[in-house]
Amino acid sequence: MALMKLTRRKFLIAGGLVGGGLAVGFGLGDDGPENAALQATTSSGEFALNAWIKINKSGEITFAIPQAEMGQGVYTSLSMLLAEELEVELSSVTPEMAPLAPVYVNSTALMDTLPFSDGHHQGEATIGAWGMKKIAGMLGVQATGGSTSVRNAWEPMQKAGAIAREMLVSAAAEEWNVSSSECVASKGTVTHKSSGKTASYGELVEAASALEIPDDIPLKPANARKIIGKSQPRIDIPEKVDGSAVYGVDIDLPNMAHAAVKLCPVFGGTVASWDDKAILNMPGVIKAVRFDTGVAVIADSFWRAKKAVEALPVTFDEGPNAALSSEAIFAEFEQQLASDEGRSYADRGEALEKISQADTVISATYKVPFLAHACMEPMNCTALVSDNDVEVWMPNQAQTLIAWFAEKAADVPAENVKLHTPYLGGGFGRRLEIDLVVMAVTIAKELKGRPVKLIWTRENDVQHDMYRPAAQASFKGTLTSSGEIDAWNHRVASPSVTRSFTKRMLPWADSDMPDNSTADGAGNIPYQISNMLMEHVPTPLEIPVGYWRSVGHSYNAFFTEGFMDEMAWAAKKDPLEFRLDHVSEHTDFTAVLQKLKEVSDWSTPLPEGRGRGIALHESFKSIVGQVVEISVNKDKEISIDKVFCVIDCGTVVNPDTVKAQMESGIIFGLSAALFGEITIEKGRVVQENFPDYDMVRLNNCPEIEVHLAPSGRPLGGVGEPSTPPIAPAVVNAIFAATKTRIRELPLSKHGYTA
Amino acid sequence: MLSLTINGKKTTVDVEEDTPLLWVLRDTVKLTGTKFGCGVAACGACTVHINGEPVRSCSVPISDAVGTKITTIEGISDGNLTAVQEAWIDEQVPQCGYCQSGMIMAATAYLKENPTPTDEGIDEAITNICRCGSYPRIRKAIHRAAKQMAEA
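Residues numbered from 1 in each chain as written. Chains lettered and ligands numbered in written order. Predicted model: local features only at pLDDT ≥ 70, side-chain atom pairs only at ≥ 80, totals over all residues. Heavy atoms only, no water.

**Student:** Honestly, the interface of chain B and chain A in this entry has me stumped. Any pointers?
**Tutor:** It is common to give the size of an interface as the accessible area that goes away when the parts come together. Taken together, the contact pairs 50 residues of chain B with 60 residues of chain A. Buried area between chain B and chain A, summed over both chains or domains, comes out near 4400 Å², and the portion from carbon and sulfur atoms is 58%. Where chain B touches chain A, the interface holds seven salt bridges. Lys30(B) serves as the salt-bridge partner of Asp252(A), at 3.2 Å between the closest nitrogen and oxygen. The interface formed by chain B and chain A holds 29 residue pairs in polar contact (both at pLDDT 80 or more) in total. (Contact = heavy atoms within 4.5 Å. Buried area = accessible area lost by both parts, 1.4 Å probe. Salt bridge = Lys/Arg side-chain N within 4 Å of Asp/Glu carboxyl O. Polar contact = N/O pair within 3.5 Å; in protein donor to acceptor, adjacent residues only side chain to side chain.)

**Student:** Where do I start with the sheet that holds strand β5 (residues 61-65) of chain A in this structure?
**Tutor:** What holds strands together in a sheet is hydrogen bonding between their backbones, with the strands either parallel or antiparallel. All names here are of chain A. The four strands are arranged β3-β4-β5-β6 in an open sheet whose pairing can be described as mixed. The sheet terminates laterally at β3 (46-48) and β6 (93-97), the two strands that pair on one side only. Strand-to-strand twist of the sheet, defined as the mean angle between neighbouring strand axes without regard to direction, takes the value 25°. Sheet topology note: the β3/strand β4 (residues 53-56) ladder contains three bridges and is antiparallel. Within the sheet, the bridge partner assigned to Glu-46 lies in β4 and is Asn-56. Sheet contacts for helix α2 (residues 74-86): β4, β5 and β6; angle to β5, the most-contacted strand, approximately 125°. (Pairing = 2+ DSSP bridges. Helix = DSSP H or I, 4+ residues; strand = E, 2+ residues; numbered from the N terminus. Axes fitted to C-alpha atoms, helices over the stretch in contact; angles between N-to-C directions.)

**Student:** Would you take a moment to explain the packing of aromatic side chains for this structure?
**Tutor:** Each aromatic ring pair is characterised by the separation of its centres together with the angle its planes make. Residues and elements named next belong to chain A. All told, the structure shown has 21 aromatic pairs over all chains when counted by the stated rule. Look at Trp-569 and Phe-735: their rings are 5.0 Å apart centre to centre, the planes differ by 70°, and that puts the pair in the edge-to-face class. Of the two residues, Trp-569 is situated in helix α15 (residues 553-570) and Phe-735 in helix α19 (residues 723-738); the sequence distance between them amounts to 166 residues. The positively charged end of Arg-549 is found above the aromatic ring belonging to Phe-668, 5.2 Å away from the centroid. (Phe/Tyr/Trp six-rings, centres within 6.5 Å; stacked < 30°, edge-to-face > 60°. Lys NZ or Arg CZ within 6 Å of the ring centre and 35° of its normal.)

**Student:** Mind showing me how you'd approach the environment of Ile680(A) here?
**Tutor:** All names here are of chain A. Counting through the fold element by element, Ile-680 comes out in strand β27 (residues 680-681). Once the C-alpha coordinates of Ile-680 and Ala-328 are considered, the two residues, 352 residues apart in sequence, prove to be 9.4 Å apart. Those residues in contact with Ile-680, other than ones at most four positions away along the chain, are Phe-267, Leu-324, Ser-325, Ser-326, Ile-329, Phe-370, Ile-543 and Val-685.

**Student:** When you look at the domain arrangement of chain B in this model, what are you seeing that I'm missing?
**Tutor:** Residues and elements named next belong to chain B. Each assigned domain of chain B is listed here: domain 1 (2-75) and domain 2 (83-151). Between the C-alpha centres of domain 1 and domain 2 there is a distance of 21 Å. Of the residues lining the interface, 16 residues belong to domain 1; the matching set on domain 2 comes to 13 residues. At the junction of domain 1 and domain 2, the tally comes to zero salt bridges. Counting every contact that joins domain 1 to domain 2 gives seven residue pairs in polar contact (both at pLDDT 80 or more). Of all the secondary structure elements, the ones that give two or more residues to the side of domain 1 that touches domain 2 are β3 (47-50) and β4 (53-56). Top element by residues in the side of domain 1 that touches domain 2 is β3. It accounts for three residues. Here the residues of the side of domain 1 that touches domain 2 are counted per class, giving seven nonpolar, seven polar and two charged. (Domains from an automatic or database assignment. Nonpolar A, V, L, I, M, F, W, Y, C, P; charged D, E, K, R; others polar.)

**Student:** It is not clear to me how the pairing of strand β21 (residues 471-479) of chain A should be interpreted in this structure. Could you clarify?
**Tutor:** Within a regular beta strand, the side chains point alternately toward one face of the sheet and then the other, so they alternate between its two faces. Residue and element names in this part refer to chain A. Strand direction decides the pairing type here: strand β16 (residues 362-368) and β21, joined by seven bridges, are antiparallel. For Ala-364, the partnering residue across the bridge sits in β21 and is Phe-475. Sheet topology places β21 next to strand β22 (residues 485-494); eight bridges connect them, and they run antiparallel. Across the sheet, the residue bridging to Phe-475 is His-490, located in β22. In this antiparallel pair of consecutive strands, β21 and β22, the connection spans five residues, and Gly-483 shows a positive phi of 85°.

Encoded structure:
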């Protein structure tokens, strides 16, 4: 077994936790106080009051934020949670990337993906949920994804603020020789109510830092909140309008060199031979590096590195996948769906019997292609390798994993790894991956003592992604005599993202295990169906697949909400009313549909050539309903005129950010629905860049109207949940307008232009 | 040595003549506000102005920029934010923000020629890509900036 090197601080857990989650080495936790890691980062005159808050004697407050800012507004929303309880203005808090330490674990991401913790999102304190939280704590993985940031930070950030505030109040009370209860904190100042004495947090922090960290401090009741729930301007926006924001690609270090790569176009292929001497005399070239899957040129500028690597003669051994094609992959899905194989994720009643006995069965086959993430900021990583340490600057969503693999690739002790996470120019799941850090460190190792910035071209990015899996689904359904769903049989064939992701990190842990993400939004749909069988047929492929905004929901919502619409039309019912009939036991889903009906003016007919489609989908603990209005003509020119979006994500932290995320997810999903397709031919990706992997732009972007409809449910995520419903809402609208049913994405494949 | 005028300042660079303006700005002159997105003039992340016209700097060889006036995101304001930049903040446009330098440069050039913007005009003139989907806010911000510029 080829494992990453074990160090005294780590051991590995094998297969048991792989299914549906991460299988990774665990940090055993720190024996020191929880603020030890942050204390180590303080400058002179600055004190860490707990793991999250540093205050200096001038009263400047620094917030150690464990999450990466990739546009989802997390620097602002998490700062809001902290400022609320710390009793300071939001503008006085400066976020700074937290150091790597187990205290910053994203346990919600693991509780969402690992099995056994069912119920935690309903607020249930199940033994399974408790156990998973403990395990997540031991794993200690700092990561940003799964729409978890606010859910994970909700309690710790507010508590961190409350605890620090109480310590500052106690320090003031001791100084004045009065009881803490006579003092009040507000806007960064503690006041003794009767005497009017005041002291600023900066004046109190040194004394406060010497106090015991108090136990549980109760949090404010909802009606006392001053910051949470009110739209706050994003704190990262000013530097994003004048060009001063620093992304990974902008890192500039003294004596830095630049690297560009040429990679084997076929998945699994390797370099067979190269002639590095051919390019060593080109301008600016410092060195050429050969690694398993490609070659790199290091030069004194990126352009020179890119030109040289393009000129570098390389032959590849294309390996066993050189004949792979999308056509063959879909043929395999077809075969898998027709087989008796399958892992069930919902099984109640007698769906198959009902279907075999029915006079009328509604059947359909749905398909979606592979998709690339195509973050605007191309993939990049800067690494400085020395004999005994490594320093990495990388826009990433998984700091702990990146640090581990930097350690492994550089072959240095764990404590000598330093990671910086600048702003991310988009993430969408792509930057959870370790490929860039391994490649950058491998290249920089050949130029020890000099930082090397590796940038991938857009072509590298589109052709060497970890793709949203292609998938195919088959449905059979029957209706009762009164037009309700009697039986529902849904089979999905796709590769497992979790298996592919795990295999990339721990090849020995590759095994077929249950993966909730394959069935998310298919097994757990809200509709009341007495006879339901939903199965996933694992179809491992040699195409690497990864976490793409909303993961399995991204295709399962298209399948289920498309077929739900077919069932509604077959039952001769209004598609919105049909859905209402099937969620009558759920007040929250009903409320979202009712709101949607009202705001979209659903019951008023549209003129000829226009249509309305609806989709309803729960993901990442939030319910999103969308109604889309389209215009379409006989030449298949389609215009997405308007999208009405209703979300119930429970408590709202920053309302404008929730709206922005809804808009964002809708447009992301719309690009995929209209144009998104990665095709495999001869073992390689056909598409290269934006001209053949197109995106929605201003001219074909719909007007979007977002309504927040919090029902009092527990907190839900907002980064992903608006992506799944848009594709089915669009095809349902096309059906309403034209009676043409589209069961395969993208629409461009069927001759539609937008 | 090639002589350039960038944001009103003269500078000389020692690069091959086919080097794209983008990489001269980013790697040689260290003005990293202009972003690399696609390298084939398809996404607009690298938009700058040459003699006031918006161009995609990834596809302009530096030899073509000699003797012109190059303006980047760092050079559009005189210390105070421009009306466009202010509108971008007021409408809370950026998410990841990576495409926004290019968007702001494209919008600035468009508004200079079209002080009364129309939705159709915006659609035609600004074809940059934003993966975060900030388009609805970009549209609002352009109209807001136009209004503010008209009142000023």
